[in-house]
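# An overview of the molecular structure
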Amino acid sequence: MAEKILKKANEIDEGYPQIHNELGTVYLRQERFDDAMRALKKAVLLDPSFADAYYNLGNLYERLNEYDKAMESYRKATEINPQFANAYNNLALILDERGEINEAIEAYLKAIEINPDLALSYNNLGISLLKVSKFYDAIESFKKAIELDNTYFKAHYNLGNAYAKMDMYKDAVRQYLKCIEIDPEAPEPFFNLGLIHSVKLHDNVRAMNYWKRYIELKPDSAEAMALIKLFDFTVN
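Counting restarts for each chain, with residues numbered from 1 along the sequence as it is written. Residue-level local features of this predicted model are given only where pLDDT is at least 70; pairs of side-chain atoms are given and counted only at 80 or more, and the full residue set underlies all totals for whole chains, interfaces and linings. For the side-chain quantities, the full set of heavy atoms in the structure was used; hydrogens and water were omitted.

## A word on the overall build of the protein chain
To keep it simple, the criterion reads: Starting at the N terminus, helices and strands are each numbered in turn, a helix being any DSSP run of H or I of at least four residues and a strand any DSSP run of E of at least two. To get the radius of gyration, use the C-alpha atoms; to get the globule rule, take the number of residues to the power 0.38 and multiply by 2.2 Å. Burial status follows relative accessibility: with a 1.4 Å probe on protein chains alone, a residue under 20% of its type maximum counts as buried, one over 50% as exposed, and anything between as partly exposed. Whether two residues are in contact is decided by their heavy atoms, any of which lying within 4.5 Å being enough. Surface accessibility in these figures is a Shrake-Rupley result with a 1.4 Å probe; residues are shielded only by whichever protein chains are displayed. Charged residues are defined narrowly, with Lys and Arg counted positive, Asp and Glu counted negative, and His plus the chain ends left uncounted. In this description, the location of a charge corresponds to atom NZ of lysine, CZ of arginine, CG of aspartate or CD of glutamate.
Assigned secondary structure in the protein chain consists of 14 helices and zero strands. Along the chain direction, N to C, the helices and strands of the protein chain fall in the order α-α-α-α-α-α-α-α-α-α-α-α-α-α. On C-alpha atoms alone, the protein chain measures out to a radius of gyration of 22 Å, which is more than a quarter above the 18 Å that the 2.2 N^0.38 rule sets for 236 residues. Along the first, second and third principal axes, the C-alpha set of the protein chain runs to 70 × 40 × 30 Å. Counting across all 236 residues of the protein chain, residues that qualify as buried make up 47%. Within the protein chain, counting contacts between residues at least 6 apart in sequence, those at least 24 apart form 41% of the total. Accessible area of the protein chain: about 13,000 Å², with a carbon and sulfur share of 50%. Counting 29 positive and 37 negative side-chain charges, the protein chain places the averaged centre of each group 2 Å from the other.

Written as structure tokens, this is what we have:
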């Protein structure tokens, strides 16, 4: 329905960049990437100062694995609108993936400076900080993400991982249990709980129970296969 309305509006006035931008985002959601590209490029052609259209182009290029062009689009969006927090966040994600961790941290901090309520950026910042062994800073970043959104599964999970790296295993367990409370069907917390209880807390009964649940949730994974072989688990 939205696509039909936008197309009709575009027929009336093809020179309206906002319509091309909105069409582009609709096509992107539908995974009609060629159509999305045409629409978004038309939007920035009509209005070279249209930051949102450059941001959406960045999202599109990411979906196409064209990361150089994605970064260029996000940077263009932030040049036009220096207060574009989500563009800084997405730019930082690519920088992190490329191993440019310090640059990614700077971009995340910029996103947070612009929007201190952006839980996503605090979580992503924490991941980058872990990669440069800034464990305490990472823990504080994950905690801030959780403070903003207590149901943020990834932030609880990453905080659990950070605690585990710091040998704070009971704190890690609490975070993984919170993950299970948020999403009982997520397998990873069960695997990590089994690992901590087996290797670090020496509670093999609980470890086996957690691992059995992991196998139920992700039976075809390499980890599940290894556990089945090692402990002769029976999968229902």
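The rest of the description comes next.
## A few points about helix 5 (residues 67-80)
Every α-helical turn comprises 3.6 residues, leaving residues that sit three or four positions apart pointing alike. What counts here: Each residue after the first adds 1.5 Å to the expected span of a helix. This arc is taken over the directions from the axis of the helix to the C-beta atoms.
Between the first and last C-alpha of helix 5 there are 20 Å, a value that for 14 residues agrees with the 20 Å anticipated at 1.5 Å per step. Regarding helix 5, the residues found buried are Ala-70, Met-71, Ser-73, Tyr-74, Ala-77 and Thr-78. Looking straight down helix 5, one finds its buried side chains confined to an arc of 160°; they lie on one side. Helix 5 presents Asp-68, Glu-72 and Glu-79 as exposed residues on the side facing more than 90 degrees away from its buried surface. Along its buried surface, helix 5 packs onto helix 4 (51-63) and helix 6 (85-97).

## Quick word on the packing of aromatic side chains
Filter applied, for reference: Here a Phe, Tyr or Trp ring, Trp counted by its six-membered ring, pairs with any other such ring whose centre lies within 6.5 Å, and the pair is stacked when the planes are under 30 degrees apart, edge-to-face when over 60, and tilted otherwise.
Tallying each qualifying case throughout the model produces seven aromatic pairs. Between Tyr-157 and Tyr-176 the ring centres are 5.7 Å apart and the planes differ by 55°, which places this aromatic pair in the tilted class. Of this pair, Tyr-157 sits in helix 10 (residues 153-165) while Tyr-176 sits in helix 11 (residues 169-182); the two residues are 19 residues apart in sequence, bridging distant segments of the chain. Residue class for Tyr-176 comes out buried when judged on its relative accessible area of 2%.

## Looking at the packing of helix 3 (residues 33-46) against helix 4
Packed helices, taken two at a time, are described by the angle between their axes plus the distance between the axes. Spelled out, the test is: An axis is simply a line fitted to the C-alpha atoms; with a helix, the fit covers only the stretch in contact. Between two such axes, the angle follows the N-to-C directions and lies from 0 to 180 degrees. Orientation is classified from the angle alone, with under 35 degrees giving roughly parallel, over 145 giving roughly antiparallel, 65 to 115 giving roughly perpendicular, and any other angle giving oblique. Left-handed describes a crossing whose near helix is turned anticlockwise from the far helix by less than a right angle; the clockwise case is right-handed. Asp, Glu, Lys and Arg are counted as charged, while Ala, Val, Leu, Ile, Met, Phe, Trp, Tyr, Cys and Pro are counted as nonpolar; the rest, among them Gly, fall into the polar class.
The N-to-C vectors of helix 3 and helix 4 enclose an angle of 155°; their axes lie 9 Å apart at closest approach. Taken together, the axes of helix 3 and helix 4 lie roughly antiparallel to each other. With respect to the hand of their crossing, helix 3 and helix 4 are arranged in left-handed fashion. Along the contact surface, helix 3 presents Phe-33, Ala-36, Met-37, Leu-40, Lys-41, Ala-43 and Val-44, while helix 4 presents Ala-53, Tyr-54, Asn-56, Leu-57, Leu-60, Tyr-61 and Arg-63. Among the residues making up the contact of helix 3 with helix 4, the classes are represented as eleven nonpolar, one polar and two charged.

## What about the side chain of Asn-90?
By secondary structure assignment, the location of Asn-90 is in helix 6. Discounting chain neighbours no more than four positions away, the residues touching Asn-90 are Tyr-55, Asn-59, Glu-62 and Tyr-74.

## Things to note about unusual backbone geometry
Even without being a glycine, Ser-133 presents a positive backbone phi close to 60°. You can see Ser-133 is positioned in the loop between helix 8 (119-131) and helix 9 (135-148). The backbone phi angle of His-202 is positive, close to 55°, even though this residue is not glycine. By the secondary structure assignment, His-202 is in the loop between helix 12 (188-200) and helix 13 (204-217).

## Quick word on the environment of Ser-133
Overall, Ser-133 belongs to the partly exposed group, its relative accessible area being 48%. Considered as a pair, Ser-133 and Lys-165 are 32 residues apart in the sequence and their alpha carbons are 9.5 Å apart.

## Some points on the side chain of His-197
Defined as follows: Polar contact is the term for a pair of N or O atoms within 3.5 Å; when the atoms are in protein, one must be able to donate a hydrogen and the other to accept it, and sequence-neighboring residues count only if both atoms are side-chain atoms.
Relative to the helices and strands, His-197 is located in helix 12. At 2.9 Å, the side chain of His-197 and the backbone oxygen of Leu-193 are in polar contact. His-197 has contacts with Val-173, His-202, Asp-203, Asn-204, Arg-206, Ala-207 and Tyr-210, leaving out every residue within four places of it along the chain.

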